[in-house]
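An overview of the molecular structure
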Amino acid sequence: MSNKNNKLTIWERYLTKEIGIEFKACLYFFAMLFFYCVYRMFQGVFNASMLHMAEMILSCYIIGYMQVYCFKNFDEADNLRTSEWMGIIACTCFYTLLSYFLKWFDQNWWWTLGFMAYVVVMYVCVYFIYKSKRRIDDKQLNEDLRLFQSGHGEVRDGDE
């Protein structure tokens, strides 16, 4: 935080968004890779295409930027309203089309539709994870404020 007035600088706001995109890309890539590996195992193949993995991680970054800058970070929203569902649907369709045309599931429609459903569930799960995290953070901040106001404020691990 800036020492002048405790407001976030433009750089700090940008960096916060970039870290969020990095985290999302890793989280979504891991979830997608899991589905892809399950598909491969059902095919009797126990290795994965490095090209497909590169395509997946690159798509996670591109869609991460779309989520943050075009769809208002819908997975971190307070509620899933129409605009958030529009973002979920748009990003899910993008992933699904990529998976089909890049042959992640050998253009098998059943696996592609299964992947589409999986991506929707993935987004909803991440939404609830972020919502739970905010609730826990709010409780922790309120407890810290209560301790500070009572004169017994202690610095938590990692705080300075």
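Scroll up a little and you will see the structure.
Notes on the structure follow. (Residues numbered from 1 in each chain as written. Predicted model: local features only at pLDDT ≥ 70, side-chain atom pairs only at ≥ 80, totals over all residues. Heavy atoms only, no water.)

As for a nonpolar patch on the surface
Together, Trp-11, Tyr-14, Leu-15, Ile-19, Tyr-65 and Tyr-69 make up an exposed nonpolar region whose accessible area comes to about 640 Å². Every element with two or more residues in the nonpolar patch is listed here: helix 1 (10–42) and helix 2 (50–69). Looking at the nonpolar patch element by element, the count peaks at four residues for helix 1. Relative to the assigned elements, Ile-19 resides in helix 1. Assessed through its relative accessible area of 55%, Ile-19 is described here as exposed. (Patch = residues over 30% accessible without salt bridge, like charges linked within 9 Å, V, L, I, M, F, W, Y side chains within 5 Å. Areas by Shrake-Rupley, 256 points an atom, 1.4 Å probe, with all protein chains shown as cover. Salt bridge = Lys/Arg side-chain N within 4 Å of Asp/Glu carboxyl O. Helix = DSSP H or I, 4+ residues; strand = E, 2+ residues; numbered from the N terminus. Buried < 20%, exposed > 50% of the residue type's maximum accessible area, 1.4 Å probe, protein only.)

Digging into the side chain of Gln-67
The topology assignment puts Gln-67 in helix 2. Overall, Gln-67 belongs to the buried group, its relative accessible area being 0%. Residues contacting Gln-67, with those up to four places away along its chain left out, are Lys-24, Tyr-28, Lys-72, Asn-73, Phe-74, Asp-75, Cys-91 and Tyr-123. (Contact = heavy atoms within 4.5 Å.)

Let's talk about the pattern of salt bridges
When their charged atoms lie close together, side chains carrying opposite charge are able to pair. Tallied over the full model, the rule gives five salt bridges. Two residues, Asp-75 and Lys-24, come together in a salt bridge whose shortest N-O distance is 2.5 Å. Remark: Lys-24 occurs in helix 1 and Asp-75 occurs in the loop between helix 2 and helix 3 (82–101); sequence separation between them is 51 residues. Between Asp-137 and Lys-133 there is a salt bridge, with its nearest N and O atoms 2.9 Å apart. Pair noted here: Asp-137 and Lys-133 are both in helix 4 (residues 109–149), with a separation of four residues, about one helical turn.

Topic: the nonpolar core
Tyr-95, Phe-115 and Tyr-123 are the most contacted members of the largest nonpolar core, which totals 24 residues. If you list the elements that add at least two residues to this core, you get helix 1, helix 2, helix 3 and helix 4. Per-element tally for this core: the top contributor is helix 1, with nine residues. Among all residues touching Tyr-123, those that are not within four sequence positions of it are Tyr-28, Ile-63, Gln-67, Phe-74, Ile-88, Cys-91, Thr-92 and Tyr-95. (Core = buried A, V, L, I, M, F, W, Y, C linked by side-chain atoms within 4.5 Å.)

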